[in-house]
Amino acid sequence: MLGRLFLANERRSAVSGVALFLFLILSPGQTAHANAVASVVVAPNGTIYFSDYIRDRIWRLDPQRRLSVFLDGKHTHHLVLDAQGNLYGEHRPKAGGRREADLWRATPGGQVTNLSVPGYEGSVFLRGDDGTIYFLQRCQLVRVAPDGKREVLAGKDCDDKAWTDATLRYGHLHGSLAWAPDGSIIFTDAWLLRKITPQGKVLSIAEGSPANLFEPLPNELQPKRGAGLAVNSQGEIFILESHFDGCIEKLPRKEDESISYLACAGHFWTRNGLSFAHDKFYVVEERGPLPKILADIIGSPRIRRISLDGKQETLAIISSPDTRVAAAAAIMALIAAITLTWKRRRRVAHP
């Protein structure tokens, strides 16, 4: 009887050890926001910046592939570069309210300035060469001039539904905006694609028909959870499929054209950020919205460069050797504890 009681206690100790280890890895305090959209942008000199919402960092990869932390403490999804090489992004404090967010600007040297943009609530944004900021607010595309003058460019006010409807909320927080060569803005909320002219007309991409920002047209071709948007100098539009093994899609611009599929992600990688520069694609690939410690162990995110012929090259992957060593030591300790429990059980069963 005492032997069985001793064995039961040892089993509970081993199970408790495993549970404690999993709790430390998966505890909410280690987990990032439950979303998975990042950005990558490329400066004219080839320097790459990408957002890492898991670690609240912006990374910089220089042309010699030297990786460094550019900014720390920024929970950012969207990045924009201006002609002078200044970087723009949003910051959504984890302890803040659902609409508490700031826009910031960082010089190439890392000097950060918070920007005052009336009405901005943390949604996807874009910047014009003249300093005008464009962003989504209540299902409308709003522009704010450098002098602070605010104007609704397109869309219909949907009031608080923009934050209570799951699809609209995703489109506001994780949609994509990009400039077309003719000065129009291309927008996707992950399911629809729209072109907004400088005069504020909203058109569908394939048919060129008048449309609303967030309302599909009858029989309209729709992406499947797109994440990331890029437009080349010829006006060709590319998006990412946001799921495991997702591909880059070249979208049709005419009704009789179909989607073309380019290079796809590797197994168990999700693509969540896209840029086109120097005749190549740059993508952010992740293993999902992982807790930070798991991302450190297995490595996530990573940056890949893809040529027009489909050749893919990994430029950088974020991981932590120290965390890997610590995790390996913890696993070995658990294995040792379980082995010891098994040996004690054998001794109790066969004295």
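Residues numbered from 1 in each chain as written. Predicted model: local features only at pLDDT ≥ 70, side-chain atom pairs only at ≥ 80, totals over all residues. Heavy atoms only, no water.

## Here we look at the state of the cysteines
Part 1 of the reasoning: The tally for this structure, following the rule as stated, stands at two disulfides.
Part 2 of the reasoning: Cys139 shares a disulfide with Cys158; S-S distance 2.0 Å. Because the torsion about its S-S bond is 80°, the bridge between Cys139 and Cys158 counts as right-handed. One end of the pair, Cys139, is in the loop between strand E10 (133-137) and strand E11 (140-144); the other, Cys158, is in the loop between strand E12 (150-155) and helix H2 (161-164), with 19 residues separating them in the sequence. The pair formed by Cys139 and Cys158 is uniform in burial state, with each residue classed as buried.
Part 3 of the reasoning: Disulfide partner of Cys247: Cys264, at an S-S distance of 1.8 Å. Between Cys247 and Cys264 the sulfur-sulfur dihedral comes to about 80°; the bridge is accordingly right-handed. Highlighted residues: Cys247 in strand E19 (residues 247-250) and Cys264 in strand E20 (residues 260-264), separated in sequence by 17 residues. (Disulfide = S-S within 2.5 Å. Helix = DSSP H or I, 4+ residues; strand = E, 2+ residues; numbered from the N terminus. Buried < 20%, exposed > 50% of the residue type's maximum accessible area, 1.4 Å probe, protein only.)

## Comments concerning the pattern of salt bridges
A side chain of one charge can pair with a side chain of the opposite charge if their charged atoms are brought near each other.
Part 1 of the reasoning: All chains considered together, the criterion is met by twelve salt bridges.
Part 2 of the reasoning: For Asp62, the salt bridge is made with Arg66, and the minimal N-O distance between the two is 2.6 Å.
Part 3 of the reasoning: Overall, Asp62 belongs to the buried group, its relative accessible area being 16%.
Part 4 of the reasoning: Judged by relative accessible area, which is 52%, Arg66 ranks as exposed.
Part 5 of the reasoning: Of the charged contacts in the structure, one is a salt bridge between Arg305 and Glu313, with a shortest N-O distance of 3.0 Å.
Part 6 of the reasoning: Through salt bridges with shared partners, one network takes in Asp52, Arg55 and Asp296. (Salt bridge = Lys/Arg side-chain N within 4 Å of Asp/Glu carboxyl O.)

## Details of the side chain of Arg92
Part 1 of the reasoning: Structurally, Arg92 can be placed in the loop between strand E6 (87-91) and strand E7 (102-106).
Part 2 of the reasoning: Here Arg92 is buried and forms no salt bridge, its nearest opposite-charge partner Glu90 lying at an N-O distance of 6.3 Å.
Part 3 of the reasoning: Polar contacts involving the side chain of Arg92 include one to the main-chain carbonyl oxygen of Glu121, which spans 3.1 Å. (Lys, Arg positive; Asp, Glu negative; His and termini not counted. Polar contact = N/O pair within 3.5 Å; in protein donor to acceptor, adjacent residues only side chain to side chain.)

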